[in-house]
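Reading the structure
Spelled out from the first residue to the last, the chains are:
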Amino acid sequence: MKNILEMFLMSNLKQLEEENLLTYLKVISSPQGPWVDIGDRRLLNLSSNNYLGFNTHPLMIKSAIEATEKLGVGSGAVRTIAGTLQLHMELEKELAHFKQVESTLVFQSGYATNLGIIQALLTENDVIVSDSLNHASIIDGARLSRAKILVYQHTDMENLEEKLVEARNLKPGKVLLVTDGVFSMDGDIAPLPEIVKLADSFEAILMVDDAHSSGVLGRNGRGSIDHFNLHGRVDIQVGTLSKALGTMGGYVASSGLLVNYLIQRGRPMLFSTSHPPGVVAATITAVKILKSPEGEHLINTLWENTTYYKGRLAIMGFNTGISQTPIIPIIIGEASLAREFSQKLFQEGVFAQSITFPTVPRGKARLRTIVTATHSRDDLDFALNKMETVGKKLGII
Ligand SMILES: *Cc1c(COP(=O)(O)O)cnc(C)c1O
């Protein structure tokens, strides 16, 4: 390997190692369920986004197999050339109906959706006003657009208003106000009723990224806009198919006009191949299940589990921060202690990944745990008992 490259890589990795920030991949050999196999261990899984157990839902697997047998394993092209299958259109129609919007457009991932939208809509003459804890894909999209970025303190409405004033004073072409619906590392919900009002009064375009609210919040998991009953008040909704919906992909839910524009200008749409038939068919089934009594039941169980688990953690004295959803961080602070806690739990049979800088700010390291509808009470008790023992041993509680 060329010397310059090798030195660059080694010095960077060494620094990460010294700061206890090196990531090691955990390799799973079982289905993504409430328990997973890693190496020769069977572990209780508190680290996945598989909120409703859809990753292994039999009806979704069946849909994927049938579509694959009928249509093949790949789509063959980007959407705008020869990669738009009837199934893609069917999924988009299903999602539009579910989200109660005029139109939706599916991208290869939630990440690609945010990049595609923000880059296509904004230019260097525009301003983006963004929550300080917004997802990395929003930040990356904002950077690609070359618009000026103003960051407001997390969910601080006074500070948001100040930034909107600042944005207005810059006399930009457009202002985009963008927030996560549910924040991915803290599990709190954006104060959308206030945000909608501010967006209206400053004539800012409002975009809400509902990756962690899809399938979790609102009626049948319709998301944060439905949760607050703000239909028609948010210009651009983003959802992911990769979390509660159990497959892979992202989508924008908005007007037909916006969707048509993104077909022309959304770069992931133009330059990256579309979903294979199996994934699309499984996702259509996922949306149908969400709308059914089974979906409702799973979401209820998810929330019951959340209340139970969070309640017991609080009684034990763990700091779960400002979580309001099934994303439940156990905030530790020091990266090395968070890692040690995670490693010791792993030895005890609990898979709860530690999350450190750059995914969360320095000094805010945590275990980020997510309960799912498929965890039984016994599963949760197993995890909680181990957390109590190990947490005490390490002086965390
Ligand atoms: C996970 C996540 C994404 C990315 O979604 P993928 O489908 O995994 O690419 C985007 N935004 C937020 C807020 C997320 O939590």
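Residues numbered from 1 in each chain as written. Predicted model: local features only at pLDDT ≥ 70, side-chain atom pairs only at ≥ 80, totals over all residues. Heavy atoms only, no water.

**Here's the deal with the sheet that holds strand β10 (residues 327–333)**
Pairing within the open sheet is antiparallel, and its three strands lie in the order β10-β13-β12. Strand pairing shows two members of the sheet lacking a second neighbour, β10 and β12 (354–355), which therefore form its edges. Looking at chain direction, β12 and strand β13 (residues 365–370) are connected through two bridges and run antiparallel. By the bridge assignment for β13, I355 is matched with R366. (Pairing = 2+ DSSP bridges. Helix = DSSP H or I, 4+ residues; strand = E, 2+ residues; numbered from the N terminus.)

**Some thoughts on the packing of helix α4 (residues 110–121) against helix α5 (residues 136–145)**
Taken N-terminus to C-terminus, the directions of α4 and α5 make an angle of 30°; their axes are 8 Å apart at the nearest point. As far as their axial angle goes, α5 and α4 are roughly parallel. Here α4 and α5 pass one another in a crossing that is right-handed. In contact with Y111, N114, L115, I118 and Q119 of α4, α5 contributes S137, I138, D140, G141, A142, L144 and S145. Within the contact of α4 with α5, the residues separate by chemical class into six nonpolar, five polar and one charged. (Axes fitted to C-alpha atoms, helices over the stretch in contact; angles between N-to-C directions. Parallel < 35°, antiparallel > 145°, perpendicular 65-115°, else oblique. Left-handed = near helix turned anticlockwise from the far one by under 90°. Contact = heavy atoms within 4.5 Å. Nonpolar A, V, L, I, M, F, W, Y, C, P; charged D, E, K, R; others polar.)

**Side note on the domain arrangement of the protein chain**
Entries for the protein chain in the domain assignment read domain 1 (16–45 + 293–393) and domain 2 (57–290). Its C-alpha centre places domain 1 at a distance of 27 Å from the equivalent point of domain 2. Counting from both sides, the interface comprises 18 residues of domain 1 and, opposite them, 18 residues of domain 2. Summed over both sides, the interface of domain 1 with domain 2 buries roughly 1500 Å², with 60% coming from carbon and sulfur. For the domain 1 face of the interface with domain 2, the top three residues by lost area are I299, I322 and I327, together amounting to 29%. Connecting domain 1 to domain 2 are one salt bridge. Here D186 and R366 are joined by a salt bridge, their closest N and O atoms 3.1 Å apart. The interface formed by domain 1 and domain 2 holds eleven residue pairs in polar contact (both at pLDDT 80 or more) in total. Every element with two or more residues in the side of domain 1 that touches domain 2 is listed here: α12 (293–316), β10 and β13. Per element, the largest residue contribution to the side of domain 1 that touches domain 2 is six residues, and it comes from α12. (Domains from an automatic or database assignment. Buried area = accessible area lost by both parts, 1.4 Å probe. Salt bridge = Lys/Arg side-chain N within 4 Å of Asp/Glu carboxyl O. Polar contact = N/O pair within 3.5 Å; in protein donor to acceptor, adjacent residues only side chain to side chain.)

**With respect to the layout of surface pockets**
Any empty space left between the atoms is revealed when a probe the size of a water molecule rolls over them. Of the voids in this model, the largest pocket is the one considered here, and its volume is about 1400 Å³. What lines the largest pocket is a set of 46 residues, and nearest its centre among them are M185, S354, I355, T359 and R368. Residue assignment for the lining of the largest pocket shows that the elements contributing at least two residues are α5, α13 (335–347), β12 and β13. Take the lining of the largest pocket: its biggest share by element is four residues, from α13. In terms of residue class, the lining of the largest pocket is built from 17 nonpolar, 22 polar and seven charged. Counting contributing residues, the lining of the largest pocket receives three or more from each of domain 1 (16–45 + 293–393) and domain 2 (57–290). (1 Å grid on protein atoms, 1.4 Å probe; cavity = no way out; pocket = protein on both sides within 12 Å on 5 of 7 lines; lining within 4 Å. Points joined across faces, edges and corners; volume = space filled by probe spheres on them.)

**Comments concerning the packing of helix α6 (residues 157–169) against helix α7 (residues 192–201)**
Between α6 and α7, the least distance of the axes is 11 Å, while the angle of their chain directions is 15°. Of the possible angle classes, the one that applies to α6 and α7 is roughly parallel. α7 is crossed by α6, and the crossing has right-handed handedness. Contacts between α6 and α7 involve M157, L160, E161 and L164 from the former and E194, I195 and L198 from the latter. Residue classes in the contact of α6 with α7 are distributed as five nonpolar, no polar and two charged.

**What to know about the pairing of β10**
Within β10, six of the seven residues are buried, which leaves it mostly tucked inside the rest of the structure. Judged from the six bridges that link them, β10 and β13 form a sheet pairing that is antiparallel. Counted as the bridge partner of I328 is T369 from β13. (Buried < 20%, exposed > 50% of the residue type's maximum accessible area, 1.4 Å probe, protein only.)

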